[in-house]
Amino acid sequence: MAKKGNGLLLVLMQPPSALEEEFTAWYDTEHVPERAALPGFKTALRYVTLSGYPRYMAIYDLDSVETLDSPEYQAVSGPNFSPWTKRVTSRVQVYRIVGEQVYPGDVVTRRSSRVVLLRLRAVGSGREDQVVAALRAAFEGKPETRGPRVFRADEAEGVDYFCLVEMTPPPHERIDLGDLGQFAESVDMVNIYAPYDIGG
(Lines give C-alpha, C1' and ligand atoms only; values in the text may rest on other atoms or scores of the structure.)
Protein backbone atom coordinates (compact mmCIF):
# COMPACT_ATOMS: atom_id res chain seq x y z
CA MET A 1 0.00 0.00 0.00
CA ALA A 2 1.34 3.44 -0.94
CA LYS A 3 2.16 5.73 1.95
CA LYS A 4 -0.36 8.50 2.39
CA GLY A 5 0.85 12.07 2.20
CA ASN A 6 1.02 14.49 5.07
CA GLY A 7 -2.19 15.99 6.31
CA LEU A 8 -2.98 19.68 6.38
CA LEU A 9 -5.13 21.71 8.73
CA LEU A 10 -5.37 25.22 7.37
CA VAL A 11 -7.48 27.80 9.21
CA LEU A 12 -8.42 31.20 7.81
CA MET A 13 -9.86 33.72 10.29
CA GLN A 14 -11.29 37.22 10.12
CA PRO A 15 -11.85 38.82 13.53
CA PRO A 16 -13.93 41.98 13.89
CA SER A 17 -11.79 45.04 14.53
CA ALA A 18 -13.08 45.36 18.08
CA LEU A 19 -11.80 41.86 18.88
CA GLU A 20 -8.43 42.10 17.12
CA GLU A 21 -6.32 42.65 20.24
CA GLU A 22 -7.90 39.79 22.18
CA PHE A 23 -7.86 37.55 19.09
CA THR A 24 -4.12 38.08 18.70
CA ALA A 25 -3.43 37.43 22.40
CA TRP A 26 -5.51 34.23 22.31
CA TYR A 27 -3.83 32.93 19.15
CA ASP A 28 -0.28 33.72 20.33
CA THR A 29 -0.50 32.60 23.96
CA GLU A 30 -3.03 29.77 23.96
CA HIS A 31 -4.19 28.38 20.65
CA VAL A 32 -1.05 27.99 18.52
CA PRO A 33 1.14 26.71 21.41
CA GLU A 34 -1.60 24.24 22.37
CA ARG A 35 -1.82 22.87 18.82
CA ALA A 36 1.97 22.81 18.34
CA ALA A 37 2.33 20.56 21.40
CA LEU A 38 -0.09 17.90 20.13
CA PRO A 39 1.26 14.59 18.79
CA GLY A 40 1.12 14.44 14.99
CA PHE A 41 1.39 18.22 14.51
CA LYS A 42 4.58 18.90 12.55
CA THR A 43 4.24 22.69 12.26
CA ALA A 44 2.11 25.51 13.65
CA LEU A 45 2.70 28.76 11.76
CA ARG A 46 0.72 32.01 11.54
CA TYR A 47 0.44 34.45 8.63
CA VAL A 48 -1.21 37.77 7.88
CA THR A 49 -2.62 38.66 4.48
CA LEU A 50 -1.05 41.11 2.08
CA SER A 51 -3.68 40.44 -0.58
CA GLY A 52 -6.97 38.57 -0.29
CA TYR A 53 -9.37 37.57 2.48
CA PRO A 54 -9.56 36.48 5.33
CA ARG A 55 -6.87 38.45 7.14
CA TYR A 56 -5.19 35.64 9.11
CA MET A 57 -4.02 32.16 8.16
CA ALA A 58 -2.62 29.36 10.31
CA ILE A 59 -0.92 26.35 8.72
CA TYR A 60 -0.64 23.09 10.63
CA ASP A 61 1.21 20.29 8.84
CA LEU A 62 0.12 16.92 10.20
CA ASP A 63 1.48 13.38 10.12
CA SER A 64 -1.78 12.53 8.35
CA VAL A 65 -5.39 13.73 8.35
CA GLU A 66 -6.10 10.99 10.91
CA THR A 67 -4.15 13.09 13.44
CA LEU A 68 -7.38 15.07 13.86
CA ASP A 69 -9.14 11.90 15.06
CA SER A 70 -6.61 11.28 17.84
CA PRO A 71 -7.76 11.33 21.48
CA GLU A 72 -5.25 14.13 22.20
CA TYR A 73 -6.69 16.41 19.50
CA GLN A 74 -10.29 15.56 20.36
CA ALA A 75 -9.58 16.48 23.99
CA VAL A 76 -8.97 20.13 22.98
CA SER A 77 -11.30 20.40 19.99
CA GLY A 78 -14.99 21.04 19.29
CA PRO A 79 -17.04 20.71 22.49
CA ASN A 80 -13.77 20.50 24.45
CA PHE A 81 -12.52 23.93 23.35
CA SER A 82 -11.25 26.06 26.22
CA PRO A 83 -13.56 28.83 27.45
CA TRP A 84 -11.28 31.41 25.80
CA THR A 85 -11.35 29.56 22.48
CA LYS A 86 -15.14 29.36 22.61
CA ARG A 87 -15.40 33.07 23.37
CA VAL A 88 -13.09 34.14 20.56
CA THR A 89 -14.21 31.76 17.83
CA SER A 90 -17.88 32.52 18.46
CA ARG A 91 -17.17 36.07 17.25
CA VAL A 92 -14.73 35.32 14.39
CA GLN A 93 -15.38 34.24 10.81
CA VAL A 94 -13.61 30.89 10.47
CA TYR A 95 -12.87 28.87 7.33
CA ARG A 96 -11.29 25.51 8.13
CA ILE A 97 -9.63 23.29 5.52
CA VAL A 98 -8.55 19.69 6.07
CA GLY A 99 -6.70 18.07 3.22
CA GLU A 100 -4.23 15.38 2.23
CA GLN A 101 -1.00 16.39 0.51
CA VAL A 102 -1.02 14.76 -2.91
CA TYR A 103 2.13 16.48 -4.15
CA PRO A 104 4.93 16.09 -3.26
CA GLY A 105 3.58 14.11 -0.32
CA ASP A 106 5.84 14.64 2.68
CA VAL A 107 7.19 18.21 2.50
CA VAL A 108 6.19 20.51 5.37
CA THR A 109 5.84 24.29 5.45
CA ARG A 110 9.17 26.08 5.63
CA ARG A 111 9.71 29.63 6.74
CA SER A 112 9.54 31.98 3.79
CA SER A 113 8.78 35.65 3.26
CA ARG A 114 5.59 34.97 1.26
CA VAL A 115 3.07 32.15 1.02
CA VAL A 116 0.51 32.09 -1.78
CA LEU A 117 -2.71 30.17 -1.21
CA LEU A 118 -4.74 29.08 -4.24
CA ARG A 119 -8.04 27.21 -4.17
CA LEU A 120 -9.32 25.29 -7.18
CA ARG A 121 -13.00 24.82 -6.48
CA ALA A 122 -15.07 21.68 -7.21
CA VAL A 123 -12.69 20.15 -9.73
CA GLY A 124 -14.19 17.10 -11.44
CA SER A 125 -13.23 13.63 -10.25
CA GLY A 126 -10.34 11.81 -11.83
CA ARG A 127 -8.38 14.98 -12.64
CA GLU A 128 -5.85 14.99 -9.83
CA ASP A 129 -2.84 14.19 -12.03
CA GLN A 130 -3.81 17.01 -14.41
CA VAL A 131 -4.25 19.49 -11.54
CA VAL A 132 -0.84 18.62 -10.11
CA ALA A 133 0.79 18.86 -13.54
CA ALA A 134 -0.74 22.29 -14.18
CA LEU A 135 0.36 23.66 -10.80
CA ARG A 136 3.87 22.27 -11.23
CA ALA A 137 4.11 23.86 -14.68
CA ALA A 138 2.95 27.19 -13.25
CA PHE A 139 5.31 27.37 -10.27
CA GLU A 140 8.20 24.90 -10.37
CA GLY A 141 11.62 25.92 -11.58
CA LYS A 142 11.08 29.64 -11.07
CA PRO A 143 13.67 31.53 -9.01
CA GLU A 144 11.04 33.22 -6.88
CA THR A 145 9.25 30.02 -5.76
CA ARG A 146 9.93 26.95 -3.62
CA GLY A 147 6.68 25.17 -4.32
CA PRO A 148 4.10 24.11 -5.03
CA ARG A 149 2.49 21.79 -2.54
CA VAL A 150 -0.92 20.46 -3.56
CA PHE A 151 -3.64 19.24 -1.19
CA ARG A 152 -6.94 17.49 -1.91
CA ALA A 153 -9.99 18.26 0.22
CA ASP A 154 -13.18 16.26 -0.31
CA GLU A 155 -16.14 18.61 0.05
CA ALA A 156 -19.88 18.11 -0.32
CA GLU A 157 -19.84 20.02 -3.65
CA GLY A 158 -16.93 17.98 -5.03
CA VAL A 159 -13.17 17.83 -4.74
CA ASP A 160 -11.30 21.06 -3.97
CA TYR A 161 -7.56 21.39 -4.46
CA PHE A 162 -5.45 23.80 -2.45
CA CYS A 163 -2.00 24.89 -3.44
CA LEU A 164 0.57 26.49 -1.14
CA VAL A 165 3.51 28.19 -2.85
CA GLU A 166 6.40 29.62 -0.87
CA MET A 167 7.85 32.71 -2.56
CA THR A 168 10.41 35.46 -2.23
CA PRO A 169 9.35 39.04 -1.38
CA PRO A 170 8.46 41.81 -3.89
CA PRO A 171 8.45 42.34 -6.80
CA HIS A 172 6.79 38.90 -6.97
CA GLU A 173 3.45 40.02 -5.52
CA ARG A 174 1.23 39.24 -8.50
CA ILE A 175 0.16 35.75 -9.51
CA ASP A 176 -0.38 34.97 -13.18
CA LEU A 177 -3.05 32.29 -13.47
CA GLY A 178 -2.59 31.97 -17.22
CA ASP A 179 -0.02 29.20 -16.69
CA LEU A 180 -2.74 27.01 -15.16
CA GLY A 181 -4.40 26.56 -18.54
CA GLN A 182 -7.78 24.83 -18.32
CA PHE A 183 -7.77 25.03 -14.52
CA ALA A 184 -7.46 28.83 -14.34
CA GLU A 185 -11.26 29.15 -14.34
CA SER A 186 -11.49 26.83 -11.31
CA VAL A 187 -9.44 29.19 -9.14
CA ASP A 188 -11.66 31.20 -6.79
CA MET A 189 -9.12 32.16 -4.14
CA VAL A 190 -5.69 33.75 -4.59
CA ASN A 191 -4.35 35.03 -1.28
CA ILE A 192 -0.83 36.25 -0.55
CA TYR A 193 0.38 36.02 3.06
CA ALA A 194 3.45 37.10 5.00
CA PRO A 195 4.65 35.47 8.22
CA TYR A 196 3.00 36.85 11.33
CA ASP A 197 5.56 38.31 13.70
CA ILE A 198 4.56 38.09 17.34
CA GLY A 199 4.86 41.55 18.80
CA GLY A 200 5.64 43.03 15.39
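Preceding this section is the structure that the text describes.
Residues numbered from 1 in each chain as written. Predicted model: local features only at pLDDT ≥ 70, side-chain atom pairs only at ≥ 80, totals over all residues. Heavy atoms only, no water.

A. Layout of the nonpolar core. Residues Val116, Leu118, Leu120, Val131, Leu135, Phe139 and Tyr161 are the most contacted members of the largest nonpolar core, which totals 22 residues. For this core, the elements supplying multiple residues, two or more each, are strand E5 (114-123), helix H4 (128-139), strand E7 (158-167) and strand E8 (187-195). Per-element accounting of this core gives the leading share, six residues, to H4. With near-sequence residues (within four places) excluded, phenylalanine 139 lies in contact with Leu118, Thr145, Gly147, Pro148, Val165 and Ile175. Counting residues in hydrophobic clusters, the runner-up holds 21 residues, among them Val11, Leu19, Trp26 and Val32. (Core = buried A, V, L, I, M, F, W, Y, C linked by side-chain atoms within 4.5 Å. Buried < 20%, exposed > 50% of the residue type's maximum accessible area, 1.4 Å probe, protein only. Helix = DSSP H or I, 4+ residues; strand = E, 2+ residues; numbered from the N terminus. Contact = heavy atoms within 4.5 Å.)

B. Here's a closer look at the sheet that holds strand E2 (residues 45-51). The eight strands are arranged E1-E3-E2-E8-E5-E7-E6-E4 in a closed barrel whose pairing can be described as antiparallel. Each strand axis lies, on average, 35 degrees off the axis of its neighbour in the sheet, ignoring direction. When E5 meets E8, the two strands line up antiparallel, connected through six bridges. In the strand pairing of E8, valine 115 is matched with tyrosine 193. (Pairing = 2+ DSSP bridges. Axes fitted to C-alpha atoms, helices over the stretch in contact; angles between N-to-C directions.)

C. Representation of helix H1 (residues 20-36). At tyrosine 27, H1 shows its strongest bend, of approximately 45 degrees. All of the buried residues along H1 are Phe23, Thr24, Trp26, Tyr27, Asp28, His31, Val32 and Arg35. Its buried side turned inward, H1 meets strand E1 (7-14), E2, strand E3 (56-62), helix H2 (71-74) and helix H3 (83-89). (Bend = angle between axes of the 7 residues up to and from the residue.)

D. Quick look at the pattern of salt bridges. Within the structure shown, the criterion is met by 16 salt bridges. In this structure, arginine 152 engages glutamate 128 in a salt bridge whose closest nitrogen and oxygen atoms are separated by 2.7 Å. Of the two residues, arginine 152 is situated in strand E6 (residues 149-155) and glutamate 128 in helix H4; the sequence distance between them amounts to 24 residues. Given the relative accessible area of 23%, arginine 152 is considered partly exposed. For lysine 142, the salt bridge goes to aspartate 179, with nearest N and O atoms at 3.1 Å. Taken as a pair, lysine 142 in the loop between H4 and E6 and aspartate 179 in the loop between E7 and E8 lie far apart in primary sequence, 37 residues in all. Each of the salt bridges in this network shares a partner with another, and the network as a whole consists of Glu100, Glu128, Arg152 and Asp154. (Salt bridge = Lys/Arg side-chain N within 4 Å of Asp/Glu carboxyl O.)

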